[in-house]
Each structure stands twice: as C-alpha cells, then as structure tokens.
Amino acid sequence: MQDMLNMNQDTNCAPMLTQGVRLHIQDRYVVMDNGIVQVSLSKPGGIVTGIRYNGIDNLLEVRNKETNRGYWDLHWNEIGGKGIFDVIQGTSYRVIVENEEQVEISFTRTWNHSLEGKYIPLNIDKRFIMLRGSSGFYSYAIYEHFREWPGFELGETRITFKLRKDKFQYMAVADNRQRYMPFPDDRSNGRGIPLAYPEAVLLVNPLDQRLTGEVDDKYQYSCENKDLRVHGWICFDPPVGFWQITPSDEFRSGGPLKQNLSSHVGPTTLAMFLSSHYAGKYMVPQFEAGEPWKKVFGPIFMYFNSAAYGNDPLFLWEDAKIKMMVEVQSWPYSFPASEDFPKSEQRGNANGRILIQDRYISNDCVIASGAYVGLAPPGDAGSWQMESKNYQFWTQANENGFFSIRNIRPGDYNLYAWVPGFIGDYRHEAVITIISGCNIEMGDVIYEPPRDGPTLWEIGIPDRSAAEFYVPDPDPKYINRLFVNHTDRFRQYGLWERYTELYPEGDLVYKIGVSDYRKDWFFAQVVRKIGDNAYQGTTWKIKFELDNVDRNGIYKLRVALASATLAELQVRVNDPNSNRPLFTTGLIGRDNAIARLGIHGIYKLYNVDIPGTRFVKGENTIFLKQPRCNSPFQGFMYDYIRLEGPPTPC
C-alpha cells in the first residue's frame, strides 16, 4: 500500500492545481491541453493523432498513418448489401465549450442523399472533452437517422486506440487476466502460423522467445459487459498506464451478459458499443426507411497514470481500478454539453423487491438474492439479450431481494429479470414509463419460474453458463499459459477438438446418480472429427432409473442452452433410431461461442413434454442428438437440464 501511495504522489498532481484547460487551434489539428495531458486531433476529421503524457511525445503508434491511431469506427451495410468498414471522419468542426474548467469539441459528419451507398445514412457528431486536473479525456458520439432516409444495418461500432508497440507490452483486462503480450509482428512474417480461423495464431518464432508455442487470439480476452469496466496497457519505461474506462452499460447492446472484445495484441484498446460477437446476426439492428433513431454512445474515459521509477508499475492497474470506481460513482456525468445526454436530475429511478414462487421448493415465496433486474425496451421475456437499438439499465438484487435501478433515461420500458439458480426469464407485463425526476416503487415482484412437477433429476447449475461442466486441458501444442489452472480455462484455443480424443469410439454417456457433471459432462456438445475437414454429429445419452412410471401423466424435460451455433437439438426417449424425434429445435443459433472461446452465448430454454407411455420402470435413456456437422464449431453448450415428474396435488 505504501508503494501505491508513493505512486499516486508521482502522477503529475502538481499541475492540477494551477493550469486550466487550453485549446490550441491549428490549420489541420486541434490540441486539448490541461498541463497533464495533451491530445491532438485532426481537423475537421476528429481522429486522435497524438497523446502526449509524462514525457512521452505520443502514446499512440507513430508508425501508423494518422487515421489508424485513435478513431471511432463502424461496420454497416445497406439492407441486403455487402458490409462496409468505415473510420468515421468528420467534415466540420466546432468548439462547444471552452473555458479553464472544460473544453468540449465536436466533429460532425452529416448525411444527404448524394452519399447514398457510400456512407451510412446517419448524422454523426463525435465529441471530445477535457477537464481541468483530469489525467485523461472523454469521448462520446450522437448517431441520428432521419425518417426520410434509406434503411441500413449497423453491425458494429466502437472506439479504437492503437498504442506504441515499442512502449506498451503488458496488458491488463482483469485481476487474473494480465500478462506480457506478443508483438503484432509475431502474428505474421513467419513468426506465427494461422490456425482454424484468422484471429488465432500459433507463435512459432516470436520476438520474445518465452512466448514460443503459445496461441494468441483476441477472443481470449473478451469480457461480459457487467465486468468490462476498465482495461488497458502498461509501459514500464517510463512507468505509464493507458486505460479505457466505461462507467456505464446503458448504451451497450445486449444487456449485462453480452460479451465484447477488450484489449488485445496491437497493442490495441477498444471501447465496444455494439457488436454481433457471441450473439450472431440477430444482434445486428436493422433500421427501416421511415424509422427515426437517435442514440448517444458514451461518454467513455481514456485515463493515463504514471509511477516513479522504482515503484511497482503493476500498481498502475490498481490505481486504474480506483479511478474506474470514481467514474462509475460519477455517472451520469454532469459536464457533457449535449442535450441528448440527460443529467441525473433529468432521469428517473425504479425500486422494488424480487421474490421467487415455486411450490416444489417452498410453500412461501423465496427471496431472489443476486437476481439480475433491468429495464430495457418493451419486448418478450428475455428479449433484452438481443436488443441493440436503445438503452438498458441493470442492477443486481441484494441478499434480501431488494433492487434499485437508478439514473434511467426517460422512456418506455419493461422490467426484466433472471435469477441465478432458477431457469427462465421474468418480464413484468406493464410498460414502465420513466420521466424526469420520477421514483417508481414497484413493490414485490414475484417470478414464477417454469415448473410443472417435482424434480426427478438435474444436470448442471442454472446460471446461463457452461462453466461448471468439464473443461479439458488444451492440447499442449495450443496453449495460452495465462489460462493454465485458471477460472477461465475455457478460453484456451482448440478445446472443441478434445472431445474426439476423449470419446474416440462412442459418445458421452451420463448416468444419473453415478456420473458427476463437473467431470463427466463435456462443456460443449460438439461434432466428432472423422477426417480432414470431415465431421459427424453426436448423440449424448442420459441414463436414469424410474421406480414407478405414471403412464397417464406428462413428464417435462427442461433443456436450458447456454449457447448454440448452427445446430439442432433432437430429443428421443428410449428409442435412438426412431425416424422422428419426440422434439427438435430445428436449426438454431449463431453465437459462435465455441470458436470464440466463450462459455456462453444467447440463453435459450426448451420445454419438452414426454408422455408417461414413453418411459419404463427401471432404466431409461434420453438421447440428445446434434446432427449438423459441416463445421467443427457447430454445437451447443448446455446450461442446465432437468426432468420433472407429472404434477402432484397441491
């Protein structure tokens, strides 16, 4: 802790008390300067070309073109058309605020019909803010589509920073996910060998020979939105940190569990706002002609810190986490000038308590401690997972089930929830209208999770993740040493190939009361490799005993999927060769979580009625078949499976 104190004393505190913010306007550039950091932007493009801090002339990669250093970008297409990548360049520049306490500048690009097919039909206003005494700067943007403009699809939008590779070689994404990273050169020029997809590269002759034999893949460093608050890089000479802080999820798509990229080899730091990663094309918003839309992305904060030589540079990460908490507590910021960003007094709050009602667990309501509760645009239960056009506001209930969702933008919402330990999704039917300054008391919200009868058996934990199942060690040829004996061991490359090695002859068989899902249930039902680029579907068996069978009753099989990728789940009971399955999902899912090293994608719950006549007294078998097999990445991750007996009298 003393080292931490020493470090903070050496983070350029002195100028904070004296120098105000200054704006230097040149022919082709504009520079924001508060005496701690100087940020240069192209004019009128609004590309961050330089960041001067702590004696380093530019933290960004000076060998890159100026348009490839710090920029907003997006990926879009006309409806039905080819995708277009666009680094957003402003065409006009103006000063919004300029005084000693704050500078805010705007770079706008306006659209008209002469640009149809060339640029996305949006007006885009990129803003940059610097405050007195602040060791960094803020950025946000306002995207707007007018009713009379053509439709389009927006696949991705983000802010990207490319850092100096000669300075920033240590990356930190979380307390347990930080390391020395390969150089970008290691991924090509004979130093790296591409693997099953371009993002994954085996390092065979890296500049740092200690990394020989490791796999680099940017998806190894993905994070769920709820955990993606601060990430970045550390330079050791001089000791400097470069951090991207996202204080709120309200403008991100897909809710708290949506996974996004963070930092990765480059050295690159991203602020992701909208992407289809771990969700698929269903996450890509489509805007029709005649559909007006406006959204504010951000502000996010780019934070820089430094330490004195001799202090542990890794404390820069600890300081960045402290700064992140300060930024979170300051949300919504009071200083953005745009009227499209409502301040705290213009927002509303919603409070309540969430309870569980399941008579097969208790005659009384059970407190839903740890429940995820959120406001998102009106839709069906669970629709928040795929929502990508507007805003969402989430919190977690405390140990007594109480929740408080604060600083909600005015608008119409549904209240949604899901509860770890219980299947399904809750949606409050009434639309909740938030107005400025409101404080809505919801009272007790009661969720009745899907349930028809008593639990006969269950596999896994209903938590929307496959992490509790068996995740094998990686092939020693394809390893990232960071994830050895790690809680996120599922982020190793190539784990899908281990299934064929572990089950060379027959598929997985799980016996209720004997097998242990932590050891005997592979984390993903993937295809079996039978040759070069040749695969076959798999059929998993669940064997269980029934002492008695109610032949007149209906049993219920609940199958909660944590992920699905171009797969089909067929359910058969006691007859694996029946032409028609008792149940099939049909072709579902574009999560791609298997290839992208995630342990979940989009949650899906299937409820299968099984007539009692399908069961026999004694041993029974349920067959779970996944027949689609054109790619090694087709398959499922299960979250939880439960068989319920027929309903019993109250």
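Residues numbered from 1 in each chain as written. Predicted model: local features only at pLDDT ≥ 70, side-chain atom pairs only at ≥ 80, totals over all residues. Heavy atoms only, no water.

### A short note on the overall build of the chain
A count of helical and extended segments in the chain gives four helices and 46 strands. Compactness check: the chain gives a C-alpha radius of gyration of 26 Å against a globular reference of 26 Å for 650 residues, within 12% of the reference. With the principal axes as the frame, the chain shows a C-alpha extent of 85 × 60 × 60 Å. Here the chain holds 650 residues, and the buried ones make up 58% of them. Contacts spanning at least 24 positions in sequence make up 71% of the contacts within the chain whose residues lie at least 6 apart. Carbon together with sulfur atoms contributes 47% to the accessible area of the chain, which is approximately 25,800 Å² in total. Across the chain, the centroid of the 70 positively charged side chains sits 4 Å from that of the 78 negatively charged ones. (Helix = DSSP H or I, 4+ residues; strand = E, 2+ residues; numbered from the N terminus. Rg over C-alpha atoms; globule rule 2.2 N^0.38 Å. Buried < 20%, exposed > 50% of the residue type's maximum accessible area, 1.4 Å probe, protein only. Contact = heavy atoms within 4.5 Å. Areas by Shrake-Rupley, 256 points an atom, 1.4 Å probe, with all protein chains shown as cover. Lys, Arg positive; Asp, Glu negative; His and termini not counted. Charge placed at Lys NZ, Arg CZ, Asp CG, Glu CD.)

### Regarding the UniProt feature "domain: Rhamnogalacturonan lyase" (unreviewed entry) in the chain
The UniProt entry lists residues 369–440 and 455–643 under the feature "domain: Rhamnogalacturonan lyase" (unreviewed entry), expressed in the numbering used here. For residues 369–440, helix accounts for 0% and strand for 43%, while the C-alpha atoms at its two ends are 21 Å apart. The distance separating the terminal C-alpha atoms of residues 455–643 is 6 Å; by composition the span is 5% helix and 40% strand. (UniProt positions renumbered as here; feature names shortened; annotations may be inferred.)

### Concerning the sheet that holds strand S16 (residues 215–216)
A sheet is described by the order of its strands in space; here three strands give the open sequence S14-S15-S16, paired in antiparallel fashion. At either margin of the open sheet sits one strand with a lone partner, and together these are strand S14 (192–194) and S16. (Pairing = 2+ DSSP bridges.)

### Some points on the environment of Asn-552
Along the polypeptide, Asn-552 turns up in the loop between strand S39 (538–546) and strand S40 (554–567). Here Asn-552 falls in the exposed class, since its relative accessible area comes to 77%. The spacing of Asn-552 and Thr-613 is 61 residues in sequence and 7.2 Å in space, taken between C-alpha atoms.

### A look at the pattern of salt bridges
Considering all chains together, one arrives at 45 salt bridges under this definition. In this structure, Asp-185 and Lys-165 form a salt bridge, with 3.1 Å as the shortest nitrogen-oxygen distance. Note that Asp-185 is positioned in the loop between strand S13 (177–180) and S14 and Lys-165 in the loop between strand S11 (152–162) and strand S12 (168–174), a separation of 20 residues in sequence. Its salt-bridge partner being Arg-409, residue Glu-250 comes within 3.4 Å of it at the nearest N-O pair. Pair noted here: Glu-250 is in the loop between strand S19 (239–245) and strand S20 (259–260) and Arg-409 is in the loop between strand S29 (402–408) and strand S30 (411–418), with a separation of 159 residues, a long-range link. Like Glu-250, the residue Arg-409 is buried in the burial classification. Taken together, the shared-partner salt bridges connect Asp-452, Lys-556, Arg-558, Asp-609, Arg-642 and Glu-644 into one network. (Salt bridge = Lys/Arg side-chain N within 4 Å of Asp/Glu carboxyl O.)

### Considerations on unusual backbone geometry
Note that the residue after Lys-43, namely Pro-44, is joined by a cis bond; omega there is 15°. By the element assignment, Pro-44 lies in the loop between strand S3 (37–42) and strand S4 (48–53). A cis amide bond links Gly-266 to the next residue, Pro-267, at an omega of -10°. With respect to the element layout, Pro-267 can be found in the loop between strand S21 (263–264) and strand S22 (268–274).

### Re the packing of aromatic side chains
Following the criterion strictly, the structure yields 58 aromatic pairs and no others. Arranged with centres 6.2 Å apart and planes meeting at 70°, the rings of Phe-137 and Phe-161 form a pair that is edge-to-face. On the criterion of sequence distance, the pair formed by Phe-137 in strand S10 (residues 136–145) and Phe-161 in strand S11 is long-range, its members being 24 residues apart. For the residue pair Phe-137 and Phe-161, the accessibility class agrees, reading buried in each case. For the ring pair Tyr-197 and Tyr-493, a centre distance of 5.9 Å and an interplane angle of 55° mean the geometry is tilted. Placement of the pair is Tyr-197 in the loop between S14 and strand S15 (201–203) and Tyr-493 in the loop between strand S34 (455–460) and helix H3 (498–502), with a sequence separation of 296 residues. As far as burial versus exposure is concerned, Tyr-197 and Tyr-493 are alike and both buried. Here the basic side chain of Lys-295 rests over the ring of Tyr-391, its NZ or CZ set 5.5 Å away from the ring centre. (Phe/Tyr/Trp six-rings, centres within 6.5 Å; stacked < 30°, edge-to-face > 60°. Lys NZ or Arg CZ within 6 Å of the ring centre and 35° of its normal.)

### Section: the pairing of S40
In summary, the side chains of a regular strand alternate between the two faces of the sheet. Buried residues dominate S40, accounting for twelve of its 14 residues. By the bridge criterion, eight bridges tie S40 to strand S44 (residues 604–611) in an arrangement that is antiparallel. For Ile-554, the partnering residue across the bridge sits in S44 and is Pro-611. Examined bridge by bridge, S40 and strand S46 (residues 635–644) share nine bridges and lie antiparallel to one another. Residue Lys-556 lies in a different strand from S46, and its bridge partner there is Glu-644. Here S40 pairs with strand S43 (residues 588–590) via two bridges, running antiparallel. Its bridge partner lying in S43, Ala-567 is registered against Ile-588.

### A few points about the environment of Asp-575
When you line up the elements, Asp-575 lands in the loop between strand S41 (570–573) and strand S42 (583–584). On the basis of relative accessibility, which here comes to 36%, the residue Asp-575 falls in the partly exposed class. Along the primary structure Asp-575 and Ile-622 are separated by 47 residues, whereas in three dimensions their C-alpha atoms are 8.4 Å apart.

### Some thoughts on the sheet that holds S13
Read across the sheet, nine strands follow the order S7-S8-S9-S10-S24-S19-S18-S12-S13 without closing on themselves; strand pairing throughout is antiparallel. Looking at the sheet topology across the chains shown, the edges are occupied by strand S7 (92–98) and S13. The sheet shows a mean angle of 15° between the axes of neighbouring strands, taken without regard to direction. On top of the sheet, helix H2 (residues 315–329) reaches S10, S12, S13, strand S18 (230–236), S19 and strand S24 (293–306); it is set at about 30° to S19, its chief contact. (Axes fitted to C-alpha atoms, helices over the stretch in contact; angles between N-to-C directions.)

### Topic: the pairing of S24
Within S24, 13 of the 14 residues are buried, leaving the element largely enclosed by the surrounding structure. Sheet analysis places S10 next to S24, joined by nine bridges and oriented antiparallel. Residue pairing across strands places Ser-139 opposite Ile-300, the latter belonging to S24. Bridging between S19 and S24 involves six bridges; their strand directions are antiparallel. Opposite Val-240, over in S24, you have Ser-306 as the bridge partner.

### Some words on a nonpolar patch on the surface
Taken together, the side chains of Ile-322, Met-325 and Val-326 define a hydrophobic patch exposed on the protein surface, amounting to about 240 Å² of accessible area. Counting through the fold element by element, Val-326 comes out in helix H2. Residue class for Val-326 comes out partly exposed when judged on its relative accessible area of 37%. (Patch = residues over 30% accessible without salt bridge, like charges linked within 9 Å, V, L, I, M, F, W, Y side chains within 5 Å.)

### Re the side chain of Glu-61
Counting through the fold element by element, Glu-61 comes out in the loop between S4 and strand S5 (70–77). Side-chain polar atoms of Glu-61 contact the backbone nitrogen of Lys-165, separated by 2.9 Å. Beyond its immediate chain neighbours, meaning those up to four positions away, Glu-61 contacts Arg-69, Lys-162, Leu-163, Arg-164 and Lys-165. (Polar contact = N/O pair within 3.5 Å; in protein donor to acceptor, adjacent residues only side chain to side chain.)

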